[in-house]
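# Structure at a glance
The chain contents come next:
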Amino acid sequence: MKRLLVATQNPGKLREYQTLLADLPVEWAGLRDVGLAGMDVPETGATFAENAGLKASAYARAAGRLTLADDSGLEVDALGGAPGVYSARYAGPGASDADRCHKLLTELKDAPNRAARFRCVIAIALPDGALAAAVDGVCEGSIAYAPRGANGFGYDPVFRVEGRNMTMAELTKAEKNAISHRGRALAAAKPVLAALLEHIHEHEREHD
Ligand code: ITT
């Protein structure tokens, strides 16, 4: 079976990849499985694409495996696109998902323009760290006035999905995956991944 490293320290993302990758003929591992759970990659980029590339490349090189990493976050129009690439760090170090949601609701107060979107860039790196591809996915919506729902993670309880009277945290896992920024990015990444896995597999066979 072909091997892929799914490089994220975020358990919420990992749970989603578990389902999203189920139909791909690949044996995948998480950072913990390859002894890299403690490896931090500084996110010094200014864009989701840069940070996704930094993570995919560093973890691929460390593990010597084909690697997928994502950089994602929430863009709020009334905040000029914030928290954006700072979504994980929005309420400072050690803050919880609930703290970040609370800070966002406080910043927005009763602002009438609540338009927002989740964005996810998935980068794929070869076992030597070279970047092979980057694809993105977007999910449009708006910021709720109060948190609702207990599914998902991160900003899901305060993100109202466009066209549905529900927050992302009120959707089932399958419903979220079908419309989410991550689900969409992975759908675009799948053909690329399938081709790369085939290529790497053949390369390994030649060297057997
Ligand atoms: P890794 O870098 O190890 O993958 P991370 O949590 O630091 O983990 P990011 O730097 O990409 O990941 O930060 C993304 C943040 O954006 C994440 O911590 C959430 O707060 C938020 N986020 C991303 N995807 C989300 C989703 O599907 N639902 C809710 N919030 C999400």
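Residues numbered from 1 in each chain as written. Predicted model: local features only at pLDDT ≥ 70, side-chain atom pairs only at ≥ 80, totals over all residues. Heavy atoms only, no water.

### Looking at helix H2 (residues 48-63)
Here is the rule: Strands are runs of DSSP state E lasting at least two residues, helices are runs of H or I lasting at least four, and both sets are numbered from the N terminus onward. The span you would expect from a helix comes to 1.5 Å times its residue count less one. Only protein chains enter the accessibility calculation, which uses a 1.4 Å probe; a residue is then buried when its area is under 20% of its type maximum, exposed when over 50%, and partly exposed in between.
With 16 residues, H2 ought to run about 22 Å at 1.5 Å a step, and its terminal C-alpha atoms sit 22 Å apart, in line with that. All of the buried residues along H2 are Phe48, Asn51, Ala52, Gly53, Lys55, Ala56, Ser57, Ala58, Tyr59 and Ala60. Backbone geometry just downstream of H2 places Gly64 in the positive-phi region, at approximately 65 degrees.

### Observations concerning the side chain of Arg100
Put simply, the rule reads: We define a polar contact as two N or O atoms separated by no more than 3.5 Å, with the added condition that, inside protein, one atom must be a possible hydrogen donor and the other a possible acceptor, whereas residues neighbouring each other in sequence contribute only through side-chain atom pairs. Any two residues whose heavy atoms approach within 4.5 Å are treated as being in contact.
Inspection of the secondary structure assignment puts Arg100 in helix H3 (residues 97-108). Looking at Arg100, its side chain comes within polar contact range of the side chain of Asp97, at 3.0 Å. In this structure, Arg100 is in contact with Ser87, Ala88, Tyr90, Ala91, Ala95 and Tyr155, ignoring residues within four places of it in sequence.

### A few points about the packing of aromatic side chains
Threshold: Pairing of aromatic rings covers Phe, Tyr and Trp, the last counted by its six-membered ring, and requires centre-to-centre distances within 6.5 Å; plane angles under 30 degrees mean stacked, over 60 mean edge-to-face, and any other angle means tilted. Both a distance and an angle decide whether a charge sits over a ring: NZ of Lys or CZ of Arg must be within 6 Å of the ring centre and within 35 degrees of the ring normal.
Considering all chains together, one arrives at one aromatic pair under this definition. For the pair Phe118 and Phe159, a centre-to-centre distance of 4.4 Å together with 40 degrees between the ring planes defines the contact as tilted. Taken together, the residues span a long stretch of sequence, with Phe118 in strand S4 (residues 115-125) and Phe159 in strand S6 (residues 159-161) at a distance of 41 residues. A cation over a ring is seen here: Lys103 above Tyr90, with NZ or CZ 4.7 Å from the ring centre.

### Observations regarding the layout of surface pockets
For clarity, the cut-off: With a 1 Å grid laid over protein atoms only, a set of points is called a cavity when a 1.4 Å probe fits there but cannot get out and a pocket when it is open yet has protein on both sides within 12 Å along at least five of seven lines; lining residues have an atom within 4 Å of a point. Grid points are joined across faces, edges and corners, and a volume is the space filled by probe spheres set on the points. Three categories are distinguished: nonpolar for Ala, Val, Leu, Ile, Met, Phe, Trp, Tyr, Cys and Pro, charged for Asp, Glu, Lys and Arg, and polar for the others, with Gly belonging to the last.
Of the volumes computed, that of the largest pocket is approximately 760 Å³. If you go around the largest pocket, you meet 36 residues; those closest to its centre are Asn10, Lys13, Glu43, Ala88 and Phe153. Counting only elements with at least two residues in the lining of the largest pocket, the list comes to helix H1 (11-20), H2, strand S3 (67-76), H3 and helix H5 (181-206). Here the second largest pocket is characterised by a volume of approximately 210 Å³. Looking at the lining of the second largest pocket, the elements with two or more residues in it are H1 and strand S2 (26-30). Class assignment for the residues of the lining of the second largest pocket results in five nonpolar, four polar and two charged.

### Some details on the side chain of Arg65
One can find Arg65 in the loop between H2 and S3. Those residues in contact with Arg65, other than ones at most four positions away along the chain, are Arg3, Leu4, Leu5, Ala29, Val34, Ala60, Ala125, Leu126 and Pro127.

### Things to note about the nonpolar core
Inclusion rule: What is meant by a nonpolar core is a set of buried Ala, Val, Leu, Ile, Met, Phe, Trp, Tyr and Cys residues, joined one to another through side-chain atoms within 4.5 Å.
The biggest cluster of nonpolar side chains holds 20 residues, and the ones touching the most others in it are Leu4, Tyr17, Leu66, Leu68, Ile122, Leu186 and Leu193. Of all the elements in the fold, those that place two or more residues in this core are strand S1 (2-6), H1, S4 and H5. If sequence neighbours within four positions are ignored, Leu68 has contacts with Leu4, Leu5, Val6, Ala7, Tyr17, Ile122, Ala123, Leu186 and Leu193. By size, the runner-up hydrophobic cluster in this structure holds 18 residues, among which are Cys101, Ala116, Tyr155 and Met168.

### Things to note about the environment of Ala187
Looking at where Ala187 falls in the secondary structure, it is placed in helix H5. The class for Ala187 is partly exposed, based on a relative accessible area of 47%. Along the chain, Ala187 and Leu20 lie 167 residues apart, while their C-alpha atoms are 8.6 Å from each other.

### Description of the site of the ligand
The cut-off we apply is this: Being near a molecule or strand, for a residue, means having at least one of its heavy atoms within 4 Å of it. Throughout, the Shrake-Rupley method with a 1.4 Å probe supplies accessible areas, and for residues the shown protein chains are the sole cover considered. Just a note on the criterion: a molecule sits in a pocket or cavity if more than half of its atoms are within 2 Å of the grid points.
Taken together, the neighbourhood of the ligand is formed by 20 residues, with Thr8, Gln9, Lys13, Lys55 and Asp156 sitting nearest. The backbone of Ser72 places a nitrogen or oxygen atom 3.0 Å from an oxygen atom of the ligand. Within the complex, 92% of the 610 Å² of free accessible area of the ligand lies under protein. Because more than half of its atoms lie within 2 Å of the grid, the ligand is assigned to the largest pocket. Secondary structure elements with two or more residues in the shell around the ligand: S3 and H5. If one sorts the elements of the shell around the ligand by residue count, S3 sits on top with four residues.

### Concerning H1
The following threshold applies: An arc is given here, and it is the one of the directions from the helix axis to the C-beta atoms.
All buried positions along H1 are accounted for by Gly12, Lys13, Glu16, Tyr17 and Leu20. What you see down the axis of H1 is that its buried residues fit within an arc of 135 degrees, all on one side. N-cap assignment for H1: the residue whose side-chain oxygen lies 2.8 Å from the backbone N of Gly12 is Asn10.

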